[in-house]
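Reading the structure
Read off the chains here:
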Amino acid sequence: MKLIEEVSIWDNGVNKKATILNTYVVNLILNESATFYYGLSAQNEGGSIGATLTQGNLSMTGQDYQDWLIDNDAWDYIAQSLNLVITGDYIAPVIQNTELS
């Protein structure tokens, strides 16, 4: 998952902010194309992943597919296709147990 510059998403009559991009391959045809699922999510106050505000599928074909050598190429393609700016990797917060023994 990646952190992205904040984007506004209209969700059930409320304007919400998405700051996390999640994506993974849902279909791959070797030497031809890849289809990715993507989801844009909010981030909770503690830094954990909140609700998915929008989602969909995106296909990579042609020269874009041929140029895909490493994962970052796919992240960049998806971000560019969705007009997003990646700002870093999402790192889940560590929840500490505060109970005393």
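This text follows the structure it describes.
Residues numbered from 1 in each chain as written. Predicted model: local features only at pLDDT ≥ 70, side-chain atom pairs only at ≥ 80, totals over all residues. Heavy atoms only, no water.

This next bit is on the side chain of Thr35. Take Thr35: it is sitting in strand 3 (residues 33-43). When sequence neighbours within four positions are dropped, the list of residues in contact with Thr35 reads Tyr24, Val25, Val26, Asn27, Asn57, Leu58 and Ser59. (Helix = DSSP H or I, 4+ residues; strand = E, 2+ residues; numbered from the N terminus. Contact = heavy atoms within 4.5 Å.)

On to the packing of aromatic side chains, then. Tallied over the full model, the rule gives 3 aromatic pairs. When the centroid spacing of 5.9 Å and the interplanar angle of 75° are considered together, the rings of Tyr65 and Trp68 count as edge-to-face. With a relative accessible area of 10%, Tyr65 lands in the buried category. Linked through ring pairs, Phe36, Tyr65 and Trp68 together constitute an aromatic cluster. (Phe/Tyr/Trp six-rings, centres within 6.5 Å; stacked < 30°, edge-to-face > 60°. Buried < 20%, exposed > 50% of the residue type's maximum accessible area, 1.4 Å probe, protein only.)

Take the sheet that holds strand 5 (residues 86-89) next. Pairing is antiparallel in the open sheet, where 5 strands are placed in the order 4-3-2-1-5. A single partner strand is all that each edge strand has here, and the edge strands are strand 4 (49-61) and strand 5. Adjacent strand axes in the sheet meet at a mean angle of 40° when their direction is disregarded. Sheet topology places strand 2 (residues 14-29) next to strand 3; 9 bridges connect them, and they run antiparallel. Paired with Val25 across the bridge in strand 3 is Phe36. Where helix 2 (residues 71-81) meets the sheet, its contacts fall on strand 1 (2-11), strand 2, strand 3, strand 4 and strand 5, and the angle it forms with strand 4 comes to roughly 105°. (Pairing = 2+ DSSP bridges. Axes fitted to C-alpha atoms, helices over the stretch in contact; angles between N-to-C directions.)

This part covers the environment of Thr23. Among the secondary structure elements, Thr23 is positioned in strand 2. Take Thr23: its relative accessible area is 13%, and that puts it in the buried class. Taking C-alpha positions, Thr23 is 14 Å from Ile49, a pair spaced 26 residues apart along the chain. Residues in contact with Thr23, not counting those within four places in the same chain, are Phe36, Tyr37, Tyr38, Trp75 and Ile78. Within the local environment of Thr23, its side chain forms a polar contact with the backbone oxygen of Tyr37, the two atoms lying 2.6 Å apart. (Polar contact = N/O pair within 3.5 Å; in protein donor to acceptor, adjacent residues only side chain to side chain.)

Inspection of the secondary structure assignment puts Ser41 in strand 3. Residue Ser41 is classed as buried on the basis of its relative accessible area of 5%. A polar atom in the side chain of Ser41 sits 3.4 Å from the side chain of Thr52. Excluding anything up to four places from it in sequence, Ser41 contacts Lys17, Ala18, Thr19, Ile20, Ile49, Gly50, Ala51, Thr52 and Leu53.

In this section: the nonpolar core. In terms of nonpolar packing, the biggest core is built from 19 residues, with Leu21, Phe36, Leu40, Met60, Ile78 and Leu84 touching the most fellow members. Only strand 1, strand 2, strand 3, strand 4 and helix 2 provide two or more residues apiece to this core. Setting aside residues no more than four positions away along its own chain, Leu21 makes contact with Met1, Lys2, Ile4, Tyr38, Gly39, Leu40, Trp75, Ile78 and Leu84. (Core = buried A, V, L, I, M, F, W, Y, C linked by side-chain atoms within 4.5 Å.)

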